[in-house]
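Summary of structural features
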Amino acid sequence: MVEGDSAKSKSESYNVEVGLQPNYNQNNNATSNPNNSSSLSESTNTNTNSNSNSNSNSNSATHIDNRAIIQPYLLGTGVKQPEYQFAADNCGYEPETIINNGKNQQHQDVERIGGGAGTGAADSSDESTPDNHKKRRRSKAPLPPPTRPIVANFERAIELCDYGKFHYILLAICGLVSTSEEMDVISMSFILPSAQCDLDLNTETKGWLNSIIFIGMMVGAYFWGSIADSFGRKKILIVISFMNAFCIVASSFSQTYGYFMFFRFLNGAALGGSGPVIWSYFAEFQPKAKRGSMLSFMAAFWTFGNLFVAGLAWLIIPTNIGVTSTYFTYNSWRIFLLVCSIPSFLVGFLLFYLPESPKFLLTRGKKDKALAIFRGIFVTNTKKKPEEYMVYDLEIDEKTNTESSVGIKGKYHRMITGMVDHSRDLFKSPILRFTLVSITINFTFHIGYYGLMMWFPEVFNRYEEFEKTHPQQEADICTVTEYVVNQSRLATDNGTCNSDIPSSVFMESLITLASALPANLFAILGMDMLGRRFFLIAGTMTAGICSALMYLVRSSLQNLLVSAVFSGAISAANAALDCLITEVFPTKLRATGVAISMVAARLGGIIGNIVIAQLLDHFCPVPTFIVSGLLIGGGLMCLLLPNTTRKELN
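Predicted model only: the values in this text are computed from it and were never measured.

Rules behind the numbers
- Residues numbered from 1 in each chain as written.
- Predicted model: local features only at pLDDT ≥ 70, side-chain atom pairs only at ≥ 80, totals over all residues.
- Heavy atoms only, no water.
- Helix = DSSP H or I, 4+ residues; strand = E, 2+ residues; numbered from the N terminus.
- Buried < 20%, exposed > 50% of the residue type's maximum accessible area, 1.4 Å probe, protein only.
- Contact = heavy atoms within 4.5 Å.
- Areas by Shrake-Rupley, 256 points an atom, 1.4 Å probe, with all protein chains shown as cover.
- Arc of directions from axis to C-beta.
- Salt bridge = Lys/Arg side-chain N within 4 Å of Asp/Glu carboxyl O.
- pLDDT = per-residue confidence, 0-100.
- Patch = residues over 30% accessible without salt bridge, like charges linked within 9 Å, V, L, I, M, F, W, Y side chains within 5 Å.
- Core = buried A, V, L, I, M, F, W, Y, C linked by side-chain atoms within 4.5 Å.
- Phe/Tyr/Trp six-rings, centres within 6.5 Å; stacked < 30°, edge-to-face > 60°.
- Lys NZ or Arg CZ within 6 Å of the ring centre and 35° of its normal.

Another point: the overall build of the chain. The secondary structure content of the chain amounts to 25 helices and six strands. The buried share among the 650 residues of the chain stands at 58%. Looking at the chain alone, contacts between residues at least 24 apart form 81% of all its contacts between residues at least 6 apart. Working note: accessible area of the chain is about 26,100 Å², and carbon and sulfur atoms make up 59% of it.

Shown next as structure tokens:
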């Protein structure tokens, strides 16, 4: 058995950022004498007298009051060897010293154990017998609460925390990360029509501006995902959020096309890590019974981001606010970008208030810290005393824990070694099949998703320009595109440029994005009942049909209806895809696996924005049918992946 932190020297400092806080109110005697800490041996009836003594001693130590679980995890100074506690809701407590009659527990593999307490649990026979475990797995019935403290694996430990206040605050903060990410990506589609005069844009340069953020995301996704699998989710998310925010601000001040492209690339490099890391982080706090619905709920924050950015664009871009001079211009679309950076700054600070993923800590062998986090979640959700949490020890996956017991010299060496090892493991059997299918699905899906979604405002604007000069005249998208491209060439030859956008374009974009709300609600309610593959196949097939139908559109109203159905279907499918890809990889490879999948997704986004745009201008309607085929074919490939609905993260 690999030793946890409880077996380490007391002089070794803990990493406070993973969810433990120093008990500053403890006196020196309490901190230096481990016998002063409360013990759970009273509940296991091993030594009643020693328990009473330890309880009386621990009661003499002053507890921290009025502490919330959601608060910054910072280490103070002044105590050389502080005892640590999790910042629980209105309750502080000391770590417990567990003596299990001197016996060594046989810990089972966390990834393989089948949804219950371990065999070493100090619980009733009904909780721990193999036959009962098999029966419960077949019936999928939840295990009853134990009557005595037990040794639990991750799934059992998180289930016993109950579901409540902590998880909803976690959803709000992680959802805001997804909202800020989608705002940064989709904001460019609203900037393009407005910035075409300031940055001297045409269809080709617009396509590259849409794509440069995806090129950055390709670079950043693999890099940040691998680091997160080595050093933890929370720290990486904080760095990414602030880097993202500063790059957005810098791009808003850029006066030339080259500088704007440069900062958008750096913006993409930061965003590339946000997606895979935040999904891994959020999923690793969810019990299997709630994971599908809550991941779908988090996917809905993408829709909120779309709506928020569309509303901001409608309010800010058509106005004449800003400063314009010979050498410096800071007009409405730049102010719009500046406002879009605010959520990234906000989540950067809010992430300080969350603990590290307990699932990640278990794979690193840090079960004491993981157990402290579980207790804090339990107290926050239930408002009960921490000693009422019916888990006194956690099982550790020995396979994934070995590297924490090996002295690796240097963080950089550890980072590079982790990146290479994680990447190699993803392309070995049996994970290889999951990796290849995930890459293919993400590539084909995001060609359609970004290839059309990013261009919807531009298409709406083209229809407005055509109908302004051809009222009451029907035309398909190819006729409209040909007219607008010819008019743009004439304006360029005459040295004129018009970047005014009708307010109806923003309204149509807002309606299109709002249509994803009922689809996301359906996904939230049905993801754990109907399954990930159902939503992915149904969503991609519906979106594929809508893409093909765009060739039959003859007016701006018809274009709006088809675009709205496409947006709703693709959003539900996207929620299912995020769930499936997050769950299919094991914990030690999850962030890296999702990151590599995201690299394929960003490559699809690049092709969708550059190639689809050029094909639309020169070979219309070929791109609409290409997108249709890719969406339907990619969606059906999910049948090659295992069913992860209501299953453990394994």
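All buried positions along helix H12 (residues 342–350) are accounted for by Pro343, Ser344, Val347 and Gly348. All buried residues of H12 lie within an arc of 140 degrees about the axis, which places them on one face of the element. Where H12 is buried, its residues touch helix H6 (165–195), helix H8 (233–253) and helix H11 (332–340).

One can find Ser180 in helix H6. Every residue in contact with Ser180, bar those within four places of it in the chain, is listed here: Pro343, Ser344 and Val347.

Overall, the coordinates contain seven salt bridges when judged by the stated rule. Residue Glu181 pairs with Arg602 through a salt bridge whose shortest N-O separation is 3.6 Å. Residue Glu181 is found in helix H6, and its partner Arg602 is found in helix H24 (residues 590–618); the two are separated by 421 residues along the sequence. With respect to burial, Glu181 and Arg602 carry one shared label: buried. A single salt-bridge network, built from bridges that share partners, covers Asp528, Arg532 and Glu583.

A few words now on the confidence of the model for the chain. Summarising the model, the chain shows a mean pLDDT of 74, and 73% of its residues fall at 70 or more. Taken as a whole, residues 70–131 scores under 50 in pLDDT and shows 197 contacts with residues more than four places along the chain or in a different chain.

Together, Phe253, Val323, Tyr327, Phe328 and Leu338 line one region of the surface with nonpolar side chains, adding up to about 530 Å² of accessible area. Secondary-structure assignment places Val323 in strand S4 (residues 323–324).

On to the nonpolar core. Ranked by size, the top nonpolar core spans 151 residues in total, and within it Phe336, Phe374, Tyr389 and Phe566 carry the most contacts. Residues in contact with Phe374, not counting those within four places in the same chain, are Phe154, Ala157, Ile158, Cys161, Pro358, Tyr389 and Leu394.

Bringing the packing of aromatic side chains into the picture now. Remark: the centre distance and the inter-plane angle together describe each pair of aromatic rings, the angle taken between the planes. The tally for this structure, following the rule as stated, stands at 20 aromatic pairs. Seen in terms of ring centroids, Phe260 and Trp333 are 5.7 Å apart; in terms of plane orientation they differ by 75 degrees. Their pairing is edge-to-face. Here the residue Phe260 occupies a position in helix H9 (residues 257–283), and Trp333 occupies one in helix H11, the gap between them amounting to 73 residues. Accessibility assignment for this pair places Phe260 and Trp333 in one class, buried. Here a set of aromatic residues connected by ring pairs shows up, and it is made of Phe166, Tyr281 and Phe285. Positioned over the ring face of Tyr163 is Lys290, at 5.2 Å from the centre of the ring.

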